[in-house]
Amino acid sequence: SVIRSKYNTSMILGYCEGFVRPGNTLLHLDKMEVFQKMLQKVKETDTKDTYKLGSGTFFGIGLLLGYQCLLHGMKEGCTKAEFLAIDDEEKQHRKLVRYYQRSGFNIIKYVG
């Protein structure tokens, strides 16, 4: 899944990667990336003040990406979802775990 700027579709703001496991019961998301520099560039070039109306929330683009993946999983018949938060950088890992917990996910297993 890819999120692009509404006004300049060549500007990719973020993406996520994952798959539906065979049997269509589990959605697995193992990568999500939001490009903060590109998001800032879009905000700076926004002539219609679109981003000033509701921007600056904690969840932002990442929430849209995650929920778009969940919607895809539901359409495919998934009843469970797992999002990875691999601990390859301590600060980022803490943010991801907190982010997923706020979204209603439970910690199942530590992956270092």
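Criteria and cut-off values
- Residues numbered from 1 in each chain as written.
- Predicted model: local features only at pLDDT ≥ 70, side-chain atom pairs only at ≥ 80, totals over all residues.
- Heavy atoms only, no water.
- Helix = DSSP H or I, 4+ residues; strand = E, 2+ residues; numbered from the N terminus.
- Contact = heavy atoms within 4.5 Å.
- 1 Å grid on protein atoms, 1.4 Å probe; cavity = no way out; pocket = protein on both sides within 12 Å on 5 of 7 lines; lining within 4 Å.
- Points joined across faces, edges and corners; volume = space filled by probe spheres on them.
- Nonpolar A, V, L, I, M, F, W, Y, C, P; charged D, E, K, R; others polar.
- Core = buried A, V, L, I, M, F, W, Y, C linked by side-chain atoms within 4.5 Å.
- Buried < 20%, exposed > 50% of the residue type's maximum accessible area, 1.4 Å probe, protein only.

Caption draft 1: Quick look at the side chain of His93. Checked against the element boundaries, His93 lands in helix α4 (residues 90-102). If we skip the residues at most four places from it in the chain, His93 touches Ala85, Ile86, Asp87 and Tyr110.

Caption draft 2: Layout of empty space enclosed by the protein. Enumeration according to the criterion identifies one cavity of 30 Å³ or more in this entry. What the largest cavity holds in volume is close to 50 Å³. Along its surface, the largest cavity is lined by Met32, Gly62, Leu63, Gly66, Tyr67, Leu70, Phe83, Tyr99, Tyr100, Ser103 and Phe105. If you list the elements that add at least two residues to the lining of the largest cavity, you get α3 (60-75) and α4. At five residues, α3 tops the list of elements feeding residues into the lining of the largest cavity. Here the residues of the lining of the largest cavity sort into eight nonpolar, three polar and no charged.

Caption draft 3: Region of interest: the layout of surface pockets. Of the pockets and cavities examined, the second largest pocket occupies roughly 490 Å³. Phe83, Asn106, Ile107, Ile108 and Lys109 are, among the 19 residues lining the second largest pocket, the residues nearest its centre. At the level of secondary structure, the elements contributing two or more residues to the lining of the second largest pocket comprise β4 (80-83) and α4. Taken together, the residues that form the lining of the second largest pocket break down as 13 nonpolar, three polar and three charged.

Caption draft 4: Spotlight on unusual backbone geometry. The backbone of Asn24 sits at a positive phi, close to 55°, despite the residue not being glycine. Within the element layout of this structure, Asn24 appears in the loop between β2 (12-20) and β3 (26-34).

Caption draft 5: Local environment of the nonpolar core. By size, the foremost hydrophobic cluster in this structure holds 17 residues, and its most contacted members are Leu13 and Ile61. For this core, the secondary structure elements donating two or more residues are β2, β3, α1 (36-45), α3 and α4.

Caption draft 6: Seen up close, the environment of Cys16. Tracing the backbone shows Cys16 in strand β2. Placed 17 residues apart in sequence, Cys16 and Glu33 show a C-alpha to C-alpha distance of 6.3 Å.

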